[in-house]
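Descriptive analysis of the structure
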2 protein chains.
Amino acid sequence: MFTLIKQEGHARRGSFVTAHGIVQTPVFMNVGTQAAIKGALSSEDLERIDCQVELSNTYHLHIRPGDTLIRSQGGLHRFMVWDRPILTDSGGFQIFSLARLRKISEEGVAFNSHVDGRRIFMSPEDCMRIQSNLGSDIAMAFDECVEIPSPREYVKKSCDRTYRWLVRCCDALAKLKETQDTVNPGQMLFGINQGAVYPDLRIRHMKQIAELDLPGYAIGGLAVGETAPEMYDIIEAVEEHMPKEKPRYLMGVGTPGNIIEGTARGVDFFDCVMPARNGNKRQLFTWSGIINIKNEKYANDSGKIDDQCACPVCMRYSRAYLRHLFKAGEMLALRLAVMHNLFFYNNLMSRIRNALDNGAFQAFRLEYSEILDQRI
Amino acid sequence: MFTLIKQEGHARRGSFVTAHGIVQTPVFMNVGTQAAIKGALSSEDLERIDCQVELSNTYHLHIRPGDTLIRSQGGLHRFMVWDRPILTDSGGFQIFSLARLRKISEEGVAFNSHVDGRRIFMSPEDCMRIQSNLGSDIAMAFDECVEIPSPREYVKKSCDRTYRWLVRCCDALAKLKETQDTVNPGQMLFGINQGAVYPDLRIRHMKQIAELDLPGYAIGGLAVGETAPEMYDIIEAVEEHMPKEKPRYLMGVGTPGNIIEGTARGVDFFDCVMPARNGNKRQLFTWSGIINIKNEKYANDSGKIDDQCACPVCMRYSRAYLRHLFKAGEMLALRLAVMHNLFFYNNLMSRIRNALDNGAFQAFRLEYSEILDQRI
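Residues numbered from 1 in each chain as written. Chains lettered and ligands numbered in written order. Predicted model: local features only at pLDDT ≥ 70, side-chain atom pairs only at ≥ 80, totals over all residues. Heavy atoms only, no water.

1. Topic: the overall build of chain A
Put simply, the rule is: Comment: elements are numbered from the N terminus, with helices defined as DSSP H or I runs of at least four residues and strands as E runs of at least two. This radius of gyration counts C-alpha atoms alone. The globule rule is 2.2 Å times how many residues there are, raised to the power 0.38. The cut-offs for exposure are 20% and 50% of the maximum accessible area for each residue type, with area from a 1.4 Å probe on protein chains only; residues under the lower value are buried, those over the upper are exposed, and the others partly exposed. Should any heavy atoms of two residues lie within 4.5 Å, those residues are counted as being in contact. Surface accessibility in these figures is a Shrake-Rupley result with a 1.4 Å probe; residues are shielded only by whichever protein chains are displayed. Positive charge is attributed to Lys and Arg, negative charge to Asp and Glu, and no charge count is given to His or to the chain ends. In this description, the location of a charge corresponds to atom NZ of lysine, CZ of arginine, CG of aspartate or CD of glutamate.
The helix and strand inventory of chain A stands at 14 helices and 16 strands. Taken over C-alpha atoms, the radius of gyration comes to 20 Å for chain A, in line with the 21 Å a tight globule of 376 residues would show. Overall, the C-alpha framework of chain A stretches about 60 × 45 × 40 Å when taken along its three principal axes. Within chain A, the proportion of its 376 residues that are buried is 62%. Contacts spanning at least 24 positions in sequence make up 68% of the contacts within chain A whose residues lie at least 6 apart. Accessible area of chain A: about 13,600 Å², with a carbon and sulfur share of 50%. Computing the positive centroid from 45 side-chain charges and the negative centroid from 45, chain A places the two 4 Å apart.

Below is the structure:
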């Protein structure tokens, strides 16, 4: 159940009730693809950095360790010991980006596992069964994530099929939730809008899926190579046709600036691997821009990464120490960098929510939308 | 200042006062070679697993980030944010095992850095200056760590030189501690006994260094390829000649069984990379023996690593989850494994101390000395 608390322009301040607690939106979901967070962060660390929603991946967990194993361990919440909300991505994106020898049909997709090459077939019903076994709070629909650019005709046909798959997902999950031993009876399904960068196809598809009255809707297939202005244009075109009383999730986006701009365009949920990926590249987010901690100028710098940051890393360690850890190739470097960056993203969302609460989001946007993405 | 609290056979229960707190002995020192613990553990994690003493390495920190940088950051305690005792190994072992093109003279050792190949010269005085810059609570003497086997005549000459170096270390550190801006005025020097596996040379050298009345003495040059019985024989031969009122440190040892047997022979301080190294190899210590967590039989095992263990990993995660993390190649696997193993070692020492307090060490030794090292 989504409650729209306040609005400022298109930007929305809301809350969303799940089987594992209420999510305050706008929210950034912390990515734990394989039921683990990159940089050796544990689910306990996620609690410490005020993560609201953990995001895992259907495709990866189906392949390893297997969703039936996780089910037999009591579901994903118990398996990874995380009792706050979990969203599971459907695996559509991974099947279309990672798996090999992919063959798509009306029934579903056949592909080779990227781990051991074994042939796997996944239908919308399979995808729902897997996510039901995982027991996430939010299951994502099984969709085809088309490349950008793709021919218009192909995208149109793909959208129609993705719509038919969505109808099948709804039916399948409804049946699974009726079974006695379902892992999470409160599991919800979000639909995913596709249509590449063709606004009319995006809108047509959005109108179709909106009619299914799902608990939430995502904009998928973006952040796959298009420019930021193209992405913003698509969000603006689609947003108008998204139900106001349902949360909107912009999949796989993005930089701090992208998130502020997405919020300004009416998005409520975000996720991105960037905090971990940048951490691995020694790039740390600060409220003045992005720093490269391996830079010589930090060698003897006893200050914290960011004066404005209250994360467990900034509260304890210096830039000089963190730089040393990277130079020395210590694994701890990655952990502290990822922890700081994830805290930064969660804190960014908290500040966006505060700004919305106080009717000060536009001022916040003006102050930070550009500066946070700059390398300094 | 060392206080011998209780004895059972040769085994000793004691306490040792340092500038950063009192160490309860027997103690296992947790290895953080480059001012960081393997497996992405932080100094905060060390506090959580009840580590008493952190051990860093003179050679490594001199090369990277440099001891003068650490001094300018307020010393090693402040640099890595650890306010309990620190022991710094002198680098002798690393120079003789890692560095290339080594040339030893009466004055000291010239060698090439294993990081960038640059030529470095280290004398006993240099070694003390570096450790003074680091500001550890216990500095180790600069010694030659001779290979086993080595010709008797070479070992004899080497021991004599190591003794002369120790005298120079004493003088150098005494002067450094008198300077106004010394990092740690309470820094103490431990001497290191050498002599390979020649009992008479070991004893002769031990008698020499004992006369210097240092705050503590180590047995070095063991655990470098000799058999366990050979090692125990050397400890027994030397121990008789070690001052009773000073702590004894057996360097680089060893398995849980080795530590129990070392304690039984009068040793007070231990250190070893084994908890981290075994963790990296999926081998986890338990009170029933060593398990390989990647074993198929743990795939669906919801139990904790060790029923008897109260470490942060066992209190939260299952064997099935940990096995999955290893299979999936997640960095978190290493962190949890190393954390469990280090906790096990610290807990082993706590149980040894309790046994000694209760006059039950021999019973403890009989029960655990063999079983803990067995792979099950």
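2. Let's talk about the relation of the copies chain A and chain B
We apply this condition: When the copies are superposed, the least-squares fit takes in the C-alpha atoms of residues with a pLDDT of at least 70 in both.
With an axial shift of 0.0 Å and an RMSD of 0.0 Å, the rotation relating chain A to chain B amounts to 180 degrees. Expressed as a symmetry operation, the mapping of one chain copy onto the other fits a two-fold axis. No C-alpha of chain A lies nearer the rotation axis than that of Ala40(A), which sits 3.5 Å from it. When the interface residues of chain A are mapped onto chain B, 100% of them again lie at the interface, so the same face is used by both copies.

3. What about empty space enclosed by the protein?
Using the following cut-off: With a 1 Å grid laid over protein atoms only, a set of points is called a cavity when a 1.4 Å probe fits there but cannot get out and a pocket when it is open yet has protein on both sides within 12 Å along at least five of seven lines; lining residues have an atom within 4 Å of a point. Grid points are joined across faces, edges and corners, and a volume is the space filled by probe spheres set on the points. Gly falls in the polar group here, along with every residue not listed as nonpolar (Ala, Val, Leu, Ile, Met, Phe, Trp, Tyr, Cys, Pro) or charged (Asp, Glu, Lys, Arg).
Scanning all chains against the criterion turns up 1 cavity of 30 Å³ or more. If you go around the largest cavity, the residues you meet are Ser42(A), Glu44(A), Arg48(B), Pro312(B), Val313(B), Tyr317(B), Arg335(B), Leu336(B) and Met339(B). Considering every element that reaches the lining of the largest cavity, the biggest residue donor is helix α13 (residues 331-357) of chain B, with 3 residues. Class assignment for the residues of the lining of the largest cavity results in 5 nonpolar, 1 polar and 3 charged.

4. Quick word on the packing of aromatic side chains
Residue and element names in this part refer to chain B. Which entries qualify depends on this criterion: Any two of the Phe, Tyr and Trp rings considered here, Trp counted by its six-membered ring, make a pair once their centres fall within 6.5 Å; the pair's planes then place it as stacked at under 30 degrees, edge-to-face at over 60, or tilted in between.
A complete count under the given rule lists 31 aromatic pairs over all chains for this structure. Both rings, one in Phe 190 and one in Phe 269, keep their centres 6.1 Å apart while their planes meet at 75 degrees; by these two values the pair is edge-to-face. Highlighted residues: Phe 190 in strand β11 (residues 188-193) and Phe 269 in strand β14 (residues 269-271), separated in sequence by 79 residues. One exposure class covers both Phe 190 and Phe 269, and it is buried. With centroids separated by 5.7 Å and ring planes inclined at 20 degrees, the aromatic side chains of Phe 285 and Phe 344 adopt a geometry described as stacked. With Phe 285 in strand β15 (residues 283-286) and Phe 344 in helix α13, the pair connects residues that are 59 residues apart, well separated along the chain.

5. Notes on the nonpolar core
Considering soluble globular proteins, one finds that nonpolar side chains tend to be buried as a cluster. The line we're drawing: We call a set of buried Ala, Val, Leu, Ile, Met, Phe, Trp, Tyr and Cys residues a nonpolar core when their side-chain atoms join them within 4.5 Å.
If you look at the biggest cluster of nonpolar residues, it comprises 214 residues, and the most contacted ones within it are Leu189(A) and Leu189(B). If near-sequence neighbours (up to four positions away) are discounted, Leu189(B) is found in contact with Met128(B), Ala139(B), Met140(B), Ala141(B), Leu166(B), Cys169(B), Cys170(B), Leu173(B), Leu214(B), Pro215(B) and Gly216(B).

6. Examining the confidence of the model for chain A
Our working rule: You can read pLDDT as the predictor saying how much it trusts each residue, on a scale of 0 to 100.
In the predicted model, chain A carries a mean pLDDT of 97, and the fraction of residues at 70 or more is 100%. Prediction confidence for the complex, expressed as pTM and ipTM, is 0.97 and 0.97 respectively.

7. Regarding a nonpolar patch on the surface
To keep it simple, the criterion reads: Residues enter a patch when their relative accessible area is above 30% and they make no salt bridge; the linking distance is 9 Å between like charges and 5 Å between nonpolar side chains (Val, Leu, Ile, Met, Phe, Trp, Tyr). For this document, the term salt bridge refers to a Lys or Arg side-chain nitrogen within 4 Å of an Asp or Glu carboxyl oxygen.
Taken together, Met1(A), Val17(A) and Ile22(A) make up a surface patch of nonpolar side chains, about 320 Å² in accessible area. With respect to the helices and strands, the residue Val17(A) is situated in strand β2 (residues 11-18).

8. Concerning the packing of helix α12 (residues 319-327) of chain B against α13(B)
All names here are of chain B. Quick reminder of the rule: What counts as an axis is a line fitted to C-alpha atoms, over the stretch in contact for a helix, and the angles between N-to-C directions run from 0 to 180 degrees. Just so you know how the angles are binned, under 35 degrees is roughly parallel, over 145 roughly antiparallel, 65 to 115 roughly perpendicular, and the rest oblique. By convention, the crossing between two helices is left-handed when the near helix turns anticlockwise from the far helix through less than a right angle, and right-handed when the turn is clockwise.
Following both chains from N to C, one finds α12 and α13 inclined at 130 degrees, their axes separated by 7 Å at the closest point. Here α13 runs oblique to α12, going by the angle between their axes. Here α12 and α13 pass one another in a crossing that is left-handed. Listed contacts from α13 to Tyr 321, Leu 322, Leu 325 and Phe 326 of α12 are Leu 332, Ala 333, Leu 334, Leu 336 and Ala 337. For the contact of α12 with α13, the per-class residue count stands at 9 nonpolar, no polar and no charged.

9. Topic: the sheet that holds strand β8 (residues 109-112) of chain A
Strand pairing in a sheet is mediated by backbone hydrogen bonds. Such pairs are either parallel or antiparallel. All names here are of chain A. Convention followed: The pairing criterion for strands is at least two bridges between them, as found by DSSP.
Sheet architecture is open: 3 strands sit in the order β7-β8-β9, paired in antiparallel fashion. This sheet does not close on itself; its edge strands, each paired only once, are β7 (100-104) and β9 (119-122). Sheet twist, expressed as the average angle between the axes of neighbouring strands with direction ignored, equals 15 degrees. The pairing of β7 with β8 spans 3 bridges and is antiparallel. Bridge assignment links Lys 103 to a residue of β8, and that residue is Ala 110.

10. Examining the pattern of salt bridges
For the structure shown, the criterion picks out 46 salt bridges over all chains. One salt bridge connects Arg323(B) with Glu296(B), and the closest N-O pair in it is separated by 3.2 Å. Of the two residues, Arg323(B) sits in helix α12 while Glu296(B) sits in the loop between β16 (289-292) and α12, which places them 27 residues apart along the sequence. On the basis of relative accessibility, which here comes to 60%, the residue Glu296(B) falls in the exposed class. Because the salt bridges share partners, they merge into one network encompassing Asp45(A), Arg335(A), Asp45(B) and Arg335(B).

11. A short note on the layout of surface pockets
Residue and element names in this part refer to chain A. Taken as a whole, the second largest pocket holds about 970 Å³ of empty space. If you trace the second largest pocket, you find 43 residues lining it, with Phe 93, Asp 271, Cys 272, Val 273 and Arg 277 closest to the centre. Looking at the lining of the second largest pocket, the elements that each hand over two or more residues are β5 (54-57), α5 (92-97) and α11 (274-280). The element contributing the most residues to the lining of the second largest pocket is α11, with 6 residues. Its residues assigned to classes, the lining of the second largest pocket shows 20 nonpolar, 17 polar and 6 charged.

12. Structural notes on the pairing of β11(B)
All names here are of chain B. Counted only if it meets this: Orienting the strands away from the viewer, one traces the path from the first strand over the helix to the second; a clockwise path indicates a right-handed crossover.
Among the 6 residues in β11, 6 count as buried, and that is most of the element. Of the pairings in the sheet, the one linking strand β10 (residues 138-140) to β11 comprises 3 bridges and is parallel in character. Paired with Ile 138 across the bridge in β11 is Met 188. Between the parallel elements β10 and β11, the chain passes through helix α7 (residues 152-178) in a crossover that is right-handed.

13. Details of the pairing of strand β9 (residues 119-122) of chain B
Residues and elements named next belong to chain B. Residues Ile 120 and Met 122 line the buried face of β9, whereas the alternating positions Arg 119 and Phe 121 sit on a face that is not buried. Where strand β8 (residues 109-112) meets β9, 4 bridges bridge the pair, whose relative direction is antiparallel. Following the sheet pairing, Ala 110 is matched in β9 by Phe 121. If you look at the hairpin formed by β8 and β9, you'll find 6 residues sitting between the two strands, and Gly 117 has a positive phi there, around 75 degrees.

14. A closer look at the interface of chain A and chain B
Threshold: In this description, buried area is defined as the sum, over both parts, of the accessible area (probe of 1.4 Å) that is lost when the two are combined. Between N or O atoms, a polar contact is any pair within 3.5 Å; within protein, one atom must be a potential hydrogen donor and the other a potential acceptor, and residues adjacent in sequence are included only when both atoms are from side chains.
On the chain B side, the residues contacting the 41 residues of chain A number 41 residues. Among the residues chain A hides against chain B, the three largest losses belong to Arg316(A), His324(A) and Met331(A). Together they make up 18% of the total. The interface formed by chain A and chain B holds 8 salt bridges in total. The interface formed by chain A and chain B includes 30 residue pairs in polar contact (both at pLDDT 80 or more). Contributing elements (two or more residues each) for the side of chain A that touches chain B: α1 (43-48), α3 (67-72), α4 (76-80), α12 (319-327) and α13 (331-357) of chain A. Per-class residue counts for the side of chain A that touches chain B are 20 nonpolar, 10 polar and 11 charged.

15. Considering the sheet that holds β5(A)
Residue and element names in this part refer to chain A. A barrel is described by the order of its strands in space; here 8 strands give the closed sequence β4-β5-β6-β10-β11-β12-β13-β14, paired in parallel fashion. Between one strand and the next, the sheet's axes are offset by a mean angle of 30 degrees, whatever the strand orientation. With 4 bridges connecting them, strand β11 (residues 188-193) and strand β12 (residues 216-219) associate as parallel partners. By the bridge assignment, Asn 193 is partnered in β12 with Ile 219. Relative to the sheet, helix α8 (residues 199-210) contacts β11 and β12, its axis offset from that of β11 by approximately 160 degrees.

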